[in-house]
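Analysis of the macromolecular model
Listed here are the chains, written in short residue letters.
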Amino acid sequence: MSFRNFKMVDYVVYGRGSFNQLDEILAPNRKGDAPMIFLVDHFFEGKPLVQRIPLNGKDKIVFADVTHEPKTKQVDALAASLREEFGTVSGIVGIGGGSTMDLAKAVSLMMTNPGSSADYQGWDLVQQAGVYKVGIPTLSGTGAEVSRTTVLTGPVRKLGMNSDFTPFNQIVLDPDLAKDAPVNQRFYTGMDCYIHCIESLEGTYLNEFSKSYGEKALDLCRKVFVEKNTWDDESDEQLMMASFAGGMSIAYSQVGVAHAVSYGLSYLLGTKHGIGNCIVMNHLEEYYPAGVEEFKFMVQKNNIEIPVGICAGLSDQDFNTMIDISLSLKPLWENALGKNWETIMTRQKLRALYEKL
Ligand code: NAD
Ligand code: ZN
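As a convention, each chain's residues are numbered from 1 in the sequence order in which they are written. Chain A is the first chain written and ligand 1 is the first ligand written, with later ones labelled in order. Two thresholds apply to this predicted model, a pLDDT of at least 70 for residue-level local features and 80 or more for giving and counting side-chain atom pairs, whereas whole-chain, interface and lining totals are computed over all residues. Hydrogens and water molecules were not included; the side-chain quantities draw on all heavy atoms of the structure.

What follows covers the overall build of the protein. Each helix and strand in the protein was counted, giving 14 helices and 9 strands. On C-alpha atoms alone, the protein measures out to a radius of gyration of 20 Å, which is about the 21 Å that the 2.2 N^0.38 rule sets for 357 residues. Seen along its three principal axes, the alpha-carbon backbone of the protein occupies a region of about 55 × 45 × 45 Å. Exposed residues in this analysis have more than 50% of their type's maximum accessible area, buried residues have under 20%, and partly exposed residues fall in between, with area computed by a 1.4 Å probe over protein chains only. Counting the 357 residues in the protein, one finds 57% classified as buried. Contact definition: two residues touch when any of their heavy atoms are within 4.5 Å. Sequence separation of 24 or more characterises 76% of the internal contacts of the protein that already satisfy a separation of 6 or more. Numbering of helices and strands runs from the N terminus; a helix is a DSSP stretch of H or I covering at least four residues, while a strand is a stretch of E covering at least two. Within these notes, the globule rule equals 2.2 Å times the number of residues to the 0.38 power, and the radius of gyration is based on C-alpha atoms.

Quick look at the structure:
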């Protein structure tokens, strides 16, 4: 038995208003006059947050188009344009939801690693440390701020660049940045965290490390989505810490059925991660009975619509594409169903599940 020795984020600052410390946090990490690049979720274009970004010298703000989830060619193009414009940069600071944070991590890695980011989709393929990278979440739930992956859609797969070089050097957890997130988006991304917890806690990879973080994250999700009747500042604080703890939980375990199935949807149909997980979770009573019951309660209590019928009218080839993508995620299935998962989750069984969505 060998135990995973995993790399964590180097520095964490937490607190409402901690974004104001960004200038002093970045200062010692500047390399001569090489600029800091602020990759900012396009939602913030023209918003007051942009005025608070501590620009120095040749620093540049690049707005990230996150209409679609990050693609390898988007990462490659961003890294190529920065290399062309600046040669080298001091660092990449990602400010936004999971998509922007993943883009920031991937662009940082592609500033130093040759080829295309698609070459590194998998486990431990990245060979070189990227440039200094900072993650600043403005939506809570994905755990992308703590994870060792950056999920990308490439020409042949939707898979992360999982490596010890992937985690951020610094994260800034300022719950104030999430306060204007739309209700539906907040729910979908929040449910990503809830689902991470259920998949981790119900998985075969579970150990006390994952369990400790997973239980805490679940508890915080329940405070926000089950117990309270109105959203308040405390909810933003709780959900931000839930996301962090949920990410720590899966760091030492894995996600499960909802994620494995939702990756197929997202690859074929472009369904976004949070809502895709919700669409799948709605039909997973067989695997996570208590979690699905509570999930449905939260959907109802928070007045959220979960789309149905999104696979109606798909061809055999479409179903096969989704099934191939999903079944290629072996660690997720093994965590969910155990070593003999292939005898349990057959192509026919998975097809029937996709047909229900
Ligand atoms: P997102 O980053 O895709 O953003 C969703 C929408 O919310 C966008 O339109 C964005 O502009 C907007 N938005 C972001 N912050 C906002 C704010 N404060 N106010 C208003 N609008 C705001 O959503 P997400 O759910 O945070 O991230 C999903 C992505 O994260 C997917 O690409 C998924 O693959 C990835 N992910 C990564 C990991 C990881 O470990 N690396 C884990 C889970 C998910
Ligand atoms: Zn997720």
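Now, onward.
Our focus in this paragraph is the site of ligand 1. One heavy atom within 4 Å of a molecule or strand makes the whole residue count as near it. Around ligand 1 there are 27 residues in total, and D41, G98, S99, S147 and T189 lie nearest to it. With respect to ligand 1, the backbone of T149 contributes an N or O atom lying 3.1 Å from a nitrogen atom. Whenever two N or O atoms come within 3.5 Å, that pair is a polar contact, provided that in protein one can donate a hydrogen and the other can accept it, and provided that, for residues adjacent in sequence, both atoms are side-chain atoms. For ligand 1, an oxygen atom lies 2.7 Å from a polar atom in the side chain of T189. Calculation of accessible area relied on Shrake-Rupley with a 1.4 Å probe; when residues are assessed, cover is drawn exclusively from the protein chains displayed. Protein chains bury 93% of the 860 Å² of accessible surface belonging to ligand 1 in isolation. Looking at the shell around ligand 1, the elements with two or more residues in it are α4 (98-110) and α5 (183-201). Grouping the amino acids of the shell around ligand 1 by side-chain chemistry returns 10 nonpolar, 11 polar and 6 charged. Per the annotation, domain bounds derive from an automatic or database assignment of domains. Both domains that furnish three or more residues to the shell around ligand 1 are identified here as domain 1 (11-178) and domain 2 (183-356). Only Asp, Glu, Lys and Arg are considered charged, only Ala, Val, Leu, Ile, Met, Phe, Trp, Tyr, Cys and Pro nonpolar, and every remaining residue, Gly among them, polar.

With that out of the way, let us pick up the domain arrangement of the protein. One can read the domain layout of the protein as domain 1 (11-178) and domain 2 (183-356). Summarising the inter-unit geometry, the C-alpha centres of domain 1 and domain 2 are found 25 Å apart. At the interface, 28 residues of domain 1 touch 26 residues of domain 2. Two parts placed together each lose some accessible area under a 1.4 Å probe, and the buried area is that loss summed for both. When the two sides are added together, the surface that domain 1 and domain 2 hide from each other amounts to roughly 2300 Å², 62% of it contributed by carbon and sulfur. Take a side-chain nitrogen of Lys or Arg and a carboxyl oxygen of Asp or Glu: if they are within 4 Å of each other, that pair is a salt bridge. For the pair domain 1 and domain 2, the number of links is 1 salt bridge. E237 is the salt-bridge partner of R16, the closest N and O atoms lying 3.0 Å from each other. For the interface between domain 1 and domain 2, the tally reads 11 residue pairs in polar contact (both at pLDDT 80 or more). Put simply, the parts of the chain that give the side of domain 1 that touches domain 2 at least two residues each are β1 (11-14), β7 (151-153), β8 (158-162) and β9 (170-173).

Helix axes are fitted only over the stretch in contact, all axes being lines through C-alpha atoms; the angle between N-to-C directions runs from 0 to 180 degrees. Interaxial distance between helix α8 (residues 257-269) and helix α11 (residues 316-327) falls to 8 Å at its minimum, and their mutual angle equals 130 degrees. With respect to their mutual orientation, α8 and α11 come out oblique. By crossing handedness, the relation of α8 to α11 is classed as right-handed. On α11, the residues touching A260, V261, Y263, G264, L265, Y267 and L268 of α8 are D318, T321, M322, I325 and S326. Split by residue class, the contact of α8 with α11 holds 8 nonpolar, 3 polar and 1 charged. Oblique is the label for every angle not falling under 35 degrees (roughly parallel), over 145 degrees (roughly antiparallel), or within 65 to 115 degrees (roughly perpendicular). Rotating anticlockwise by less than a right angle from the far helix to the near helix defines a left-handed crossing, while the corresponding clockwise rotation defines a right-handed one.

As a further point, take the packing of α5 against helix α7 (residues 233-251). The contact between α5 and α7 brings their axes to 9 Å, and the two run at 35 degrees. Considering the relative orientation of α5 and α7, their crossing is left-handed. In this structure, α5 contributes R186, G190, C193, H196, C197 and S200 to the contact, and α7 contributes L239, A242, S243, G246, S249 and I250. For the contact of α5 with α7, the class distribution of residues is 5 nonpolar, 6 polar and 1 charged.

Each pair of donors in an ideal four-coordinate tetrahedral metal site encloses 109.5 degrees, whereas pairs in an ideal six-coordinate octahedral site enclose 90 or 180 degrees. Because water is not among the atoms used, a metal site may look incomplete, as its donors are only the N, O and S atoms within 2.8 Å, or 3.2 Å for Na, K and Ca. Within the protein, the atoms that donate to the zinc ion (ligand 2) are D192 (OD), H196 (NE2), H259 (NE2) and H273 (NE2), at distances of 2.1 to 2.2 Å. Each label reflects the angles at the metal, where four donors whose angles all fall between 85 and 135 degrees are tetrahedral, four or six donors whose opposite pairs open beyond 155 degrees and whose other angles stay between 65 and 115 are square planar or octahedral respectively, and the rest are irregular. Classification of the site at the zinc ion (ligand 2) as irregular follows from its 4 donor atoms and the range of 87 to 171 degrees in their angles at the metal. On the primary sequence, the residues serving as donors to the zinc ion (ligand 2) are separated as D-x3-H-x62-H-x13-H. Within this pair, D192 and its partner H196 are both found in helix α5, separated by 4 residues, close to a single helical turn. Here D192 matches H196 in class, with each residue buried.

Glancing now at the sheet that holds strand β5 (residues 122-123). Strands sit in the order β5-β8-β7 across an open sheet of 3 strands; the sheet is mixed. With one partner strand each, in any of the chains shown, β5 and β7 form the two edges of the open sheet. Pairing of β7 with β8, which is carried by 3 bridges, proceeds in the antiparallel orientation. Bridge pairing in β8 links T153 to K158. A strand pair is defined by DSSP finding two or more bridges across the two strands.

Further remarks concern the side chain of N162. When you line up the elements, N162 lands in strand β8. You can call N162 buried: its relative accessible area is 10%. At 3.4 Å, the side chain of N162 forms a polar contact with the side chain of T149. For N162, the contacting residues outside a window of four places in its chain are G122, W123, D124, L125, R148 and T149.

In space, the 6 strands of this open sheet follow the order β1-β9-β6-β4-β2-β3, with parallel pairing throughout. This sheet does not close on itself; its edge strands, each paired only once, are β1 and β3 (60-64). Shown here is a sheet whose adjacent strand axes are inclined to one another by a mean of 15 degrees, direction ignored. As paired strands, strand β4 (residues 91-96) and strand β6 (residues 132-137) are joined by 6 bridges and run parallel to one another. Bridged to G91 within β6 is Y132. Where α4 meets the sheet, its contacts fall on β2 (36-41), β3, β4 and β6, and the angle it forms with β4 comes to roughly 170 degrees.

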